[in-house]
Amino acid sequence: MSANSRLTIAAHALTWIGLYQRRGHEVATSEQIATSVNTNPVVIRRLLGELRRAGLADSRRGAGAGWMLARDLAAITLFDVYQAIEPGPVFALHRATPDPECVVGHGIGPALTAVYDDVEAALCRELAKTTLEDVLRDVLKAA
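Heads up: these notes are all about the structure in this document.

Thresholds, definitions, all that
Residues numbered from 1 in each chain as written. Predicted model: local features only at pLDDT ≥ 70, side-chain atom pairs only at ≥ 80, totals over all residues. Heavy atoms only, no water. Helix = DSSP H or I, 4+ residues; strand = E, 2+ residues; numbered from the N terminus. Expected span 1.5 Å × (residues − 1). Core = buried A, V, L, I, M, F, W, Y, C linked by side-chain atoms within 4.5 Å. Buried < 20%, exposed > 50% of the residue type's maximum accessible area, 1.4 Å probe, protein only. Contact = heavy atoms within 4.5 Å. Salt bridge = Lys/Arg side-chain N within 4 Å of Asp/Glu carboxyl O. Axes fitted to C-alpha atoms, helices over the stretch in contact; angles between N-to-C directions. Parallel < 35°, antiparallel > 145°, perpendicular 65-115°, else oblique. Nonpolar A, V, L, I, M, F, W, Y, C, P; charged D, E, K, R; others polar. 1 Å grid on protein atoms, 1.4 Å probe; cavity = no way out; pocket = protein on both sides within 12 Å on 5 of 7 lines; lining within 4 Å. Points joined across faces, edges and corners; volume = space filled by probe spheres on them. Pairing = 2+ DSSP bridges.

To continue, consider helix H1 (residues 6–22). Over its 17 residues, H1 runs 24 Å from end to end, which matches the ideal 24 Å to within 8%, given 1.5 Å per residue. Once H1 ends, the next one or two residues include Gly24, with phi positive near 100°.

This is the structure we're talking about:
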């Protein structure tokens, strides 16, 4: 099973847009953002569409079309981004109900749900501690 990179790509795109705007540009194209992320512009447009629906990004159509932040980087946490693109739990239980006559099949759901709930709460707390302003600061330090 491979790791999901959607949060990383979304944070990258929003942080890039924020820096681009600080450098005097009003909007960024999905092609420009995709070059930085090293992916297809369609991937960026789909992801930014989700971020727009969550109120984190905005777009302009027509002449001068492109993407912009809907909020300042300091007002967007990694948790905000996570909620926008990864709705639902981090871990899921079985798709089909396990055998209720089996001792493990009967008890696995409640046992794992307690652990998964704690993990999800910890993840959300940690993501909420970091803004995209923090991310940009650390990116610029590393440059």
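Continuing now.
This part is about the nonpolar core. Core analysis: the biggest nonpolar cluster contains 33 residues, and Leu14, Ile33, Leu48, Leu51, Val81 and Leu132 have the highest contact counts within it. Elements with a minimum of two residues in this core: H1, helix H2 (30–37), helix H3 (41–53), strand E2 (66–69), helix H4 (78–85), helix H5 (103–128) and helix H6 (132–142). Here this core gets nine residues from one element, more than from any other, and that element is H1. Apart from the residues within four sequence positions on either side, Leu132 is in contact with Ala11, Leu14, Thr15, Leu73, Ile76, Leu78 and Val81.

Turning our attention to the side chain of Thr131. Residue placement: Thr131 occurs in the loop between H5 and H6. Thr131 has contacts with Leu73, Ala74, Ile76 and Thr77, leaving out every residue within four places of it along the chain.

Scanning the model with the defined rule gives ten salt bridges in all. Note that Arg71 and Asp80 form a salt bridge whose closest N and O atoms lie 2.9 Å from each other. By relative accessible area, Asp80 is classed as partly exposed at 21%. Among the ionic pairs, Asp138 bridges to Arg137, the shortest N-O distance being 3.3 Å.

The subject of this paragraph is the packing of H2 against H3. Here H2 crosses H3 at 110°, and the two axes come no closer than 8 Å. By the criterion of interaxial angle, the relationship of H2 to H3 is roughly perpendicular. Residues Ser30, Glu31, Ile33, Ala34 and Val37 of H2 form the contact with H3, whose participating residues are Pro41, Ile44, Arg45 and Leu48. Broken down by class, the residue content of the contact of H2 with H3 amounts to six nonpolar, one polar and two charged.

Our focus in this paragraph is the layout of surface pockets. For the largest pocket, the calculated volume is near 260 Å³. Lining the largest pocket are ten residues; nearest its centre among them are Asn4, Tyr82, Glu86, Val90 and Leu123. The element that contributes the greatest number of residues to the lining of the largest pocket is H1, accounting for three residues. Considered class by class, the residues forming the lining of the largest pocket number six nonpolar, two polar and two charged. In this structure, the second largest pocket occupies an estimated 200 Å³ of space. Lining the second largest pocket we find Thr29, Ser30, Glu31, Arg45, Gly49, Arg52, Ser59, Arg60, Arg61, Ala65, Gly66 and Trp67. For the lining of the second largest pocket, the elements supplying multiple residues, two or more each, are H2, H3, strand E1 (57–60) and E2.

Before going further, it helps to spend a moment on the pairing of E2. Burial of E2 is two-sided: the residues Gly66 and Met68 facing one way and the residues Trp67 and Leu69 facing the other way are all buried. Sheet analysis places E1 next to E2, joined by four bridges and oriented antiparallel. When the bridges of E2 are listed, Ser59 appears paired with Trp67. Between E1 and E2, which pair antiparallel in sequence order, lie five residues; one of them, Gly62, sits at a positive phi of approximately 80°.

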